[in-house]
Amino acid sequence: MQKKLSKSAYGGISGERYVPYVSQGNKKVGNTAILIMGSLLAIIFAASTAYSGMKAGLTVAAGIPGSIIGSGLVGAFAKSKGILGKNIMQGMSSGGESIASGMIYVLPAIVLIGGHINFIEGLIVGILAILFSIGTSSLVHNYLVVEEHGNLVYPEAMAISEALVASDTGGDSLKYMGIGFGIGGVITMLTTSVFGVVNNMMNYVGSSFYKWKLDVEVNPLLAGIGFIVGLEVALTMFAGALLSNFAIAPLIGYFTDMAGNGAHVWNNASLAVNQMTVNDLASSYVKYIGAGMMLCGGLIGAIKLIPTIVTSIKKTLNAKNTTGEDKNTLGMISIVLGAVGIFVIGIIIAQNFMMGIVGALLAVILSLLFVIVSARIAGTIGCSNLPVSGMTIASLVIMTVVFVLFGWTSNAHTQILLMFGTFVVTAIAVGGGYMQSQKVTYVIGGSKSEMMKYFMISAIIGVVVVIGTISILSPQFVTDSATPAFGLPQANLIATLTSGIMSGELPWIMIIVGVAMAIVLYFLELPIMTVAIGFYLPISTTSIILIGALIKVFIDKVTGDEAVKNNRIQSGISLSSGLIAGGSIIGLIGIILHVTGVLKDRVISGFASSNEMALILLVVMIVAIAAPLMMIKKGGDSEDEEAKG
């Protein structure tokens, strides 16, 4: 029988006892060919993610498409490097993409407030953020990846691992991943992501006295994530969405309906508060409660990890005379260079010693906290739905308040603040992508020190590409056109947020309410960040993740034979990996084709645009996922024994 990823890769045993897919032989496989091909993928994913993200506010995590494309490249040009070489390729893909998925939220905001991006300053800040983030992540690597093995699911990391194993072995894993890829690819092509043939969004809105909204996006990528993370995580996230859309938004709407016509939305003087729709309530008020929840949840989560950080540092220092994987010399050097470097460059950028020291200190502290949080969240829901913007909002709120307290409130001071914010957002985005890549390395059996080096190289390449892309396109950012070339939704929010705090106009009550709600969740011993993510994300996202989890529950409940059940669930995970791969690759291609003008945006009309059409598409997707799994009539091999490479 063909080898496959063992059941213990998903948990059931302690991390120290887990035997990786490749358990013998030389783990370090990097060479010039791997470096060149990985760098090429880093450039492609960094540029496409930056362009599409600024155009449409959409980014796609590159780990899965990188593993698929990288496997093909290694098979063609470096076959002897095998699955470990393919692992390096997916890590380098993530390295380039993660930079874009962070920087595009903050750096363009400098242009939006009338400033100018200095390429050299941006390059140095970005590289320092990479060093600091990877160094910080290395301190908690053993805890998050090994000790929490099975507790932290790392859904996309496991999908990447399944993709790598499928490319290495063929067999049933490849078969079901191929089925999932086909389902995900076809459904994605039918939607507005590519050809725009059918509507994939069910939308139900209550606009009378009780303002509520329920959206369901028929998205195979998200359904696949739901199948992998399971019912508990999916329900917890959906609970946050219910709280946001069916409690907080209607409550705010009830009181704003009583306001007079003279009262307007805090960040939109042309809109009276009593005329707000559900979407207005969400974007102008409810979202900031979610930001407050994530702010508090991030702080609590990071504080609880302080003993782990201390222990990790002690172990690292004690390992100074050892060799091999435990030494972590590069990790320690990286965090020191990143921390010291941002103080030096901060003083140079600010041209004010006190401002440079204060800004750098805030950037280091907030990055330390949220990099750890980001790395942990990647273990819960993956990187595609990592709430980088939410954590960045929380960080910038704190930093801006401190700047205001010091009296640094001019436009020039805001530009300096945003450079420190660029450090923070880049570090946060890198933390999630890096830890996900290291989880794949742990599962497959590669060298974590080699992954660190190659990920670092690809991320630095990503900084050059992303800043270059932003600089070239920046003249098109500020426009009076009703249909701007680049929407920049996150950067516009950041610009509004920082300028609002500087000018004293911000719905602070929303932030405070979010903090209070997070404290209540903490007292109730509920997972703050998981609830907050559900609260902050669109309910269209959390609802389809829940549906994906319910498909897994259905398979589990209707299958009586334990061996058949295990085989169906394991095959379902491979199929879900294909859903994520198909949805992300075809979605990424579609976005690129749209933003480059190859495909024109299409307005869907008639029955194809209705909720009924989306419901039919949802039923088709559910049947397409469940049917192949229900056709499995026998248990799997005795493959629970560890496959050794």
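How each quantity is defined
Residues numbered from 1 in each chain as written. Predicted model: local features only at pLDDT ≥ 70, side-chain atom pairs only at ≥ 80, totals over all residues. Heavy atoms only, no water. Helix = DSSP H or I, 4+ residues; strand = E, 2+ residues; numbered from the N terminus. Rg over C-alpha atoms; globule rule 2.2 N^0.38 Å. Buried < 20%, exposed > 50% of the residue type's maximum accessible area, 1.4 Å probe, protein only. Contact = heavy atoms within 4.5 Å. Areas by Shrake-Rupley, 256 points an atom, 1.4 Å probe, with all protein chains shown as cover. Patch = residues over 30% accessible without salt bridge, like charges linked within 9 Å, V, L, I, M, F, W, Y side chains within 5 Å. Salt bridge = Lys/Arg side-chain N within 4 Å of Asp/Glu carboxyl O. pLDDT = per-residue confidence, 0-100. Phe/Tyr/Trp six-rings, centres within 6.5 Å; stacked < 30°, edge-to-face > 60°.

J.: What is the right way to look at the overall build of the protein chain in this model?
T.: Summing up its helical and strand segments, the protein chain has 22 helices and four strands in all. The C-alpha atoms of the protein chain give a radius of gyration of 24 Å, which matches the 26 Å a tight globule of 645 residues would have. A buried classification covers 60% of the 645 residues belonging to the protein chain. Long-range pairs, those at least 24 residues apart, make up 84% of the contacts in the protein chain between residues at least 6 apart in sequence. Here the protein chain displays about 24,200 Å² of accessible surface, and carbon together with sulfur accounts for 65% of that area.

J.: Explain a nonpolar patch on the surface to me, please; I cannot follow it from the model alone.
T.: A grouping of Val186, Met189, Leu190, Phe195 and Val197 is seen on the molecular surface, where their side chains present a nonpolar patch of about 380 Å² in accessible area. Residue position: valine 186 is located in helix α7 (residues 171-190). Valine 186 sits in the partly exposed class, given a relative accessible area of 46%.

J.: For this particular structure, what's the right way to read the confidence of the model for the protein chain?
T.: Low-pLDDT portions of the prediction should not be read for the details of their coordinates. The predicted model of the protein chain has a mean per-residue pLDDT of 87, with 93% of residues at 70 or higher. Mean pLDDT across the secondary structure elements of the protein chain bottoms out at helix α11 (residues 306-318), with 67, and peaks at helix α22 (residues 611-630), with 97. Note that residues 637-645 has pLDDT below 50 and, in this model, 23 contacts with residues that lie over four places away or in other chains.

J.: Explain the packing of aromatic side chains to me, please; I cannot follow it from the model alone.
T.: For any pair of aromatic rings, the description rests on two quantities: the centre-to-centre distance and the angle between the ring planes. Counted by the stated rule, this structure contains nine aromatic pairs. Measuring from centroid to centroid gives 5.9 Å for phenylalanine 132 and phenylalanine 423, while their planes differ by 50°, and the two rings are tilted. Of this pair, phenylalanine 132 sits in helix α4 (residues 119-139) while phenylalanine 423 is found in helix α15 (residues 411-444), placing the two residues 291 residues apart along the sequence. Measuring from ring centre to ring centre gives 5.2 Å for tyrosine 254 and phenylalanine 255, while their planes differ by 75°; the resulting arrangement is edge-to-face. Grouping aromatic residues by their ring pairs yields a cluster made of Phe403, Phe406 and Trp408.

J.: Quick question: what am I supposed to make of the pattern of salt bridges here?
T.: Working definition: two side chains of opposite charge can pair if their charged atoms are close together. In this structure the tally under the stated criterion is five salt bridges. Residue aspartate 257 pairs with lysine 211 through a salt bridge whose shortest N-O separation is 3.0 Å. Residue aspartate 257 is located in the loop between α9 (231-256) and β3 (264-265), and its partner lysine 211 is located in the loop between β1 (201-206) and β2 (212-217); the two are separated by 46 residues in the primary sequence. What you see here is one network of salt bridges that share partners, running through Asp556, Glu562 and Lys565.

J.: Is there a simple way to think about helix α19 (residues 528-536) in this case?
T.: At 3.6 residues per turn, the α-helix brings residues three or four places apart onto the same side. When you tally the buried positions in α19, you get nine out of nine residues, the bulk of the element. All of the buried residues in α19 are Ile528, Met529, Thr530, Val531, Ala532, Ile533, Gly534, Phe535 and Tyr536. Lining the buried residues of α19 we find α9, α10 (278-304), α13 (353-381), α14 (388-405), α18 (508-523) and α20 (539-558).

J.: Which parts of the structure should I look at to understand unusual backbone geometry?
T.: Note: most peptide bonds trans; most residues except glycine with negative phi. For tyrosine 154, which is not glycine, the phi torsion reads 50° and is therefore positive. For tyrosine 154, a relative accessible area of 0% corresponds to the buried category. The residue glutamine 351 is not glycine, and still its phi comes out positive at about 50°. Tracing the sequence through the fold places glutamine 351 in the loop between α12 (329-350) and α13. Here glutamine 351 falls in the exposed class, since its relative accessible area comes to 72%.

J.: What is the right way to look at the environment of proline 475 in this model?
T.: Looking at the element boundaries, proline 475 is found in the loop between α16 (448-473) and α17 (489-503). Note on proline 475: relative accessible area 64%, which makes it exposed. Each C-alpha atom of the pair proline 475 and valine 111 lies 8.6 Å from the other, and the pair is 364 residues apart in sequence.

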